[in-house]
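# Topology and contacts: notes
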Amino acid sequence: MNFDQNFQSNLLNDAVSRRFSDAEDLVHFVQTRTGKYDSSIITSYWLGLEHMINDKPTLSAYIKFECER
């Protein structure tokens, strides 16, 4: 799958517009779109950052992380 900058930007905009209330829903959404499933990301990436799940720069970094792993 092609995870170029355009894909990442579109995914970021979709995630921002949904305004997730918890990291589990956000991770499920992003991983479904990227086809890279790993439930451990919820705790390993978002532990201590859940209050940032609607922060655009934080979401952008997370989406980049998912696309590059």
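My aim in this report is to walk through the structure given alongside it, one point at a time.

What follows deals with helix H4 (residues 56-68). Over its 13 residues, H4 runs 18 Å from end to end, which matches the ideal 18 Å to within 8%, given 1.5 Å per residue. Restricting attention to buried positions, one finds in H4 the residues Thr58, Leu59, Tyr62, Ile63, Glu66 and Cys67. Looking straight down H4, one finds its buried side chains confined to an arc of 170 degrees; they lie on one side. Seen from the open side of H4, the exposed residues pointing more than 90 degrees away from its buried face are Pro57 and Glu68. Where H4 is buried, its residues meet helix H1 (5-18), helix H2 (23-34) and helix H3 (41-46).

Within the fold, Glu66 resides in helix H4. On the accessibility criterion, Glu66 (0% relative accessible area) is buried. The residues contacting Glu66, other than those within four sequence positions of it, are Val30, Gln31, Lys36 and Ile41.

On to the packing of aromatic side chains. As enumerated under the stated definition, the model contains seven aromatic pairs in all. When the ring of Tyr45 is compared with that of Trp46, the centres are 5.3 Å apart and the planes differ by 65 degrees; the resulting orientation is edge-to-face. Following the ring pairs from residue to residue traces out a cluster consisting of Tyr45, Trp46, Tyr62 and Phe65.

With that settled, the discussion passes to the pattern of salt bridges. Considering all chains together, one arrives at two salt bridges under this definition. Asp14 is the salt-bridge partner of Arg33, the closest N and O atoms lying 2.8 Å from each other. With Arg33 in helix H2 and Asp14 in helix H1, this residue pair connects regions lying 19 residues apart in the sequence. Take Arg33: its relative accessible area is 29%, and that puts it in the partly exposed class. Note that Arg69 and Glu66 form a salt bridge whose closest N and O atoms lie 2.6 Å from each other. A residue is classified by how much of its surface remains accessible, and Arg69, at 35% relative accessible area, is partly exposed.

Cut-offs applied
- Along each chain, numbering runs from 1 in the same order as the chain's sequence is written.
- Only residues with pLDDT of at least 70 get local features here, since the model is predicted, and only at 80 or more are side-chain atom pairs given and counted; chain-wide, interface and lining totals rely on the full set of residues.
- Side-chain figures throughout are based on the complete set of non-hydrogen atoms in the structure, without hydrogens or water.
- Helix and strand assignments come from DSSP, with helices taken as H or I runs of at least 4 residues and strands as E runs of at least 2, each series counted from the N terminus.
- Expected helix span is taken as 1.5 Å per residue step, with the number of steps being one fewer than the number of residues.
- Note on classification: 1.4 Å probe, protein chains only; a residue is buried when its accessible area is under 20% of the maximum for its type, exposed when over 50%, partly exposed between these limits.
- Picture the helix axis, draw a direction to every C-beta atom, and the arc is the one those directions span.
- Residues count as neighbours in contact if any of their non-hydrogen atoms are within 4.5 Å of one another.
- For Phe, Tyr and Trp, where Trp contributes only its six-membered ring, two rings pair if their centres lie within 6.5 Å, and the inter-plane angle classes them as stacked under 30 degrees, edge-to-face over 60, or tilted in between.
- Salt bridges are defined by distance alone: a side-chain nitrogen of Lys or Arg within 4 Å of a carboxyl oxygen of Asp or Glu.

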